[in-house]
Amino acid sequence: MNNNFIDNLPKIYGMYTGGFILFIILMAVLEQIGVSAETIGVLFVAFTIFIYAGIGWLSRTMQVEAYYVAGRQVPALFNGMATAADWMSGASFVAMAGGIYFGGHGYLAFVVGWTGGYILVASLMAPYLRKFGCYTVPDYIGTRYGGNLARLMAVIVLAVASFTYVTAQINATGTIASRALQIPFEVGVWFGLLGILLCSMLGGMRAVTWTQVAQYIVLIIAYVVPVIWMSNKQGFGAIPQFSYGAAVARLGELEALHQVGILKPTESFAGLKALTVEHATAGSTVMANWKFATLVLCMMAGTASLPHILMRYFTTPSVRDARKSVAYSLLFIFLLYFTAPALATFTKLQLLDPNLATGIFGKAFADVAALEWVQKWSNVGMVALSDSNGDGILQINEFFMRSGIVVLATPEIAGLPYVISGLVAAGGMAAAMSTADGLLLAIANALSHDLYYKMIDPTADTKKRLIVARVLLLGIGAAAAFVASLKLTSILGAVAWAFDFACSGLFFPLVLGIWWKRANRPGAIAGMFMGFASGTAYLIAIKWGGMDLWLGIDHLRFGIIGMPISLVSMVVVTLMTKEPDAETQKMVDDMRIPSGETVLSAKH
Amino acid sequence: MSDISPEVRAAHWAKTRSLTITVLLLWFFFAFVVHWFASDLNAFTFIGFPVGFYMAAQGSLAAFVIIIFYLAYAQNKIDEEFGVAEDE
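Fair warning: this is a prediction, and the values are worked out from it, not measured in the lab.

When helices and strands are tallied, chain B shows 3 helices and 2 strands. Helices and strands appear in chain B in the N-to-C order α-α-β-β-α. Taken along the three principal axes of its C-alpha coordinates, chain B extends 60 × 25 × 15 Å. When the 88 residues of chain B are sorted by exposure, 50% land in the buried category. The contacts in chain B between residues at least 6 apart in sequence include a share of 62% that link residues at least 24 apart.

In structure tokens, the structure reads:
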């Protein structure tokens, strides 16, 4: 892994992409000559994990800078891909299109929030943190504000937010591994963890970077191919993202035909939903607009406060590259996010349009119940149908589905060959693994660098630091897999919480540390503590304490409570206490100028 | 960093700040303002899409991508203008 490797990156990943496409073709050939669907699924998941583990092994290192920040030599474009994989989790890949399928326009708040947040990252944070030269986000908080208490607060917020998030990711790897490899969920969770650790244990950030680039390539191919395929099948053109407007319009007609939103389900199945929300119709009440805006704001501020994302920009060679890299990240994320609504639209059209062979509504109940994909997913409790009114015809309120399966089941619903299902499973696995890797590393690095090295044993030598880092990684991974195996939350609930925890506690202390020279230690501690504590208290009160919602702020949006309290406490306490010393002020000045040495020395 | 005078630093920061404010105003428009009127915008169509839906599914996202590349370009220009950009 020397400069030669960096120079050859386009060639290496070009060959890798070609190899992956050849592998897909090989699988398609195997399917044609009669190899079973199960075998193809196993091959897809096993082959890709094997590749990631190989990259992880090749990237092993015993150098501090390589372990924490990949040696600060990741080019902007490749860091953009790695960030996109780091960012797009099992939730984006597996759950987003399903959310749009069931939630319509209201759910698009996630799509807007999870892209627009990068404007905040690029304009307010990433370039300045890169110039600071820290290894972790608490490293910045601890140095800018000074003192172990500020550093510890940042570690706590980071650990809570990231741990909430990582259990959801390991849950997703478990779900996909258990389906593709035909093993029980509880075993799948530990299998997923093994794959994740193989990528990160030996090489830290360096290994995670290069596996994430590989994972991005797999996941974007896996997401876009089925959509293009379906679009061509239905005659909506080769680049469906620009031409599915007609499909949206057609859905409007079909919703009227099937009485979507008028026929309410009369039965219920745990975890499954019937379609009751129109696709493109936006809420017209102030409350609906307020809910959309607050969710967008929480997801955006959360994006800009989540340490596993911010730390990716510590790995670029320069401040300029950090900025460019955020732009590339958003571009690569955009490719998936503007495809998700198209996927949701096409899948819905497949099911709703009675003129298509795949349409199920308005057809004879017995025929639909006999469909292969309906049976397969019913057997695992992810789909249910019930002829509630006993007329022998399937109505819109008689079909129930788990929203998380929309992406995974779409190839089967559309009657695409099984090789596509295998590809989608490998893509979902890549999305969940890459995010889990980034999150586990963020937590373990904060604990090993900030808690252990900076606070407990500042005299530890390099070898000891890196061994401690790996032991912590292993321990946290095992704890996360254990929690995931208990199946406490659905994938998306926990993911939104991570954003709210992060923005409640970290957003203003991070931003004001750069943009307000006067911001000082007591203010930052108050901001982190009050924001995090009030947001968490509100979540507990509404979720388990039986308290009524304030202004419709539910558990997905509790950052709306935490953020203002964090801002006000930070400003008030800062103004009541002394301004920071000249050295700290100079630190802020240096952070604002790209040229010159980093604020923290290269080896700290 | 003693070779950069406080005046140059202040001027560089003032320009950086106004660029950031411009970008955040654009961001605010595409993140919040257009979606607040989504229901009204749905009465219009753009390349076959209802506009309110289109902005949330694609329009705002594309705007964000353009804004963020513009920011990287414009900030680099400012850094070069004041001689504080990093050496290539």
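Looking now at the overall build of chain A. When its secondary structure is counted, chain A shows 26 helices and 2 strands. Relative to the 2.2 N^0.38 estimate, which gives 25 Å for 604 residues, the radius of gyration of chain A is 24 Å and therefore close to what a compact globule would have. Here the C-alpha coordinates of chain A stretch approximately 80 × 55 × 40 Å along the principal axes. Relative to its full complement of 604 residues, chain A shows a buried share of 64%. Once local pairs closer than 6 in sequence are excluded, the contacts in chain A between residues at least 24 apart make up 83%. Accessible surface computed for chain A: about 20,000 Å², of which carbon and sulfur atoms make up 66%. Computing the positive centroid from 37 side-chain charges and the negative centroid from 32, chain A places the two 10 Å apart.

The phi dihedral of A:Q259 is positive, around 60°, even though this residue is not glycine. By the element assignment, A:Q259 lies in the loop between helix 13 (245–258) and helix 14 (286–303).

Our focus in this paragraph is the pattern of salt bridges. All names here are of chain A. Evaluated as defined, the whole model comprises 14 salt bridges over all chains. Between R151 and D139 there is a salt bridge whose closest N-O contact spans 3.1 Å. Taken together, the residues span a long stretch of sequence, with R151 in helix 9 (residues 148–181) and D139 in helix 8 (residues 137–145) at a distance of 12 residues. Each member of the pair R151 and D139 is classed as buried. Of the charged contacts, one joins D457 and K464 as a salt bridge, the two residues approaching to 3.4 Å between their closest N and O atoms. When its relative accessible area of 42% is taken as the criterion, K464 is described as partly exposed. What emerges from the salt-bridge pattern is a single network uniting D139, R151 and D450.

Quick look at the interface of chain B and chain A now. Contact residues are listed per partner, giving 44 residues for chain B and 57 residues for chain A. In total, chain B and chain A occlude about 4,400 Å² of area from one another, counting both sides; carbon and sulfur atoms represent 72% of this. Its largest share of buried area at the contact with chain A, chain B owes to B:W13, B:F53 and B:E86, together 16% of the area lost on that side. Our count for the contact surface shared by chain B and chain A stands at 2 salt bridges. One salt bridge in this structure joins A:D590 and B:R9, with 3.2 Å as the shortest N-O distance. Seen at the junction of chain B and chain A, the total is 11 residue pairs in polar contact (both at pLDDT 80 or more). Among the secondary structure elements, those contributing two or more residues to the side of chain B that touches chain A are helix 1 (6–36), helix 2 (38–41), strand 2 (49–50) and helix 3 (51–81) of chain B. Broken down by element, the side of chain B that touches chain A gets its largest block of residues, 18 residues, from helix 3 of chain B. Among the residues making up the side of chain B that touches chain A, the classes are represented as 27 nonpolar, 11 polar and 6 charged.

A few words now on the state of the cysteines. Covalent bonding between the sulfur atoms of two cysteines defines a disulfide. Residues and elements named next belong to chain A. Tallied over the full model, the rule gives 0 disulfides over all chains. Lacking any disulfide linkage, C298 is separated from the closest cysteine sulfur, that of C503, by 5.0 Å. Note on C298: relative accessible area 0%, which makes it buried.

Before going further, it helps to examine helix 19 (residues 372–379) of chain A. Residues and elements named next belong to chain A. Among all positions in helix 19, only W373, V374 and W377 are buried. Projected down its long axis, helix 19 shows its buried positions confined to an angular sector of 100°, all on one face. Exposed positions of helix 19 whose direction lies more than 90 degrees from the buried face are E372 and N379. Among the structural elements, helix 9, helix 17 (340–352), helix 18 (365–369), strand 1 (383–385), strand 2 (399–401) and helix 20 (406–413) are those in contact with the buried residues of helix 19. Directly beyond the C-terminal end of helix 19, a positive phi value near 75° is found at G381.

What counts, and where the lines are drawn
Residues numbered from 1 in each chain as written. Chains lettered and ligands numbered in written order. Predicted model: local features only at pLDDT ≥ 70, side-chain atom pairs only at ≥ 80, totals over all residues. Heavy atoms only, no water. Helix = DSSP H or I, 4+ residues; strand = E, 2+ residues; numbered from the N terminus. Buried < 20%, exposed > 50% of the residue type's maximum accessible area, 1.4 Å probe, protein only. Contact = heavy atoms within 4.5 Å. Rg over C-alpha atoms; globule rule 2.2 N^0.38 Å. Areas by Shrake-Rupley, 256 points an atom, 1.4 Å probe, with all protein chains shown as cover. Lys, Arg positive; Asp, Glu negative; His and termini not counted. Charge placed at Lys NZ, Arg CZ, Asp CG, Glu CD. Salt bridge = Lys/Arg side-chain N within 4 Å of Asp/Glu carboxyl O. Buried area = accessible area lost by both parts, 1.4 Å probe. Polar contact = N/O pair within 3.5 Å; in protein donor to acceptor, adjacent residues only side chain to side chain. Nonpolar A, V, L, I, M, F, W, Y, C, P; charged D, E, K, R; others polar. Disulfide = S-S within 2.5 Å. Arc of directions from axis to C-beta.

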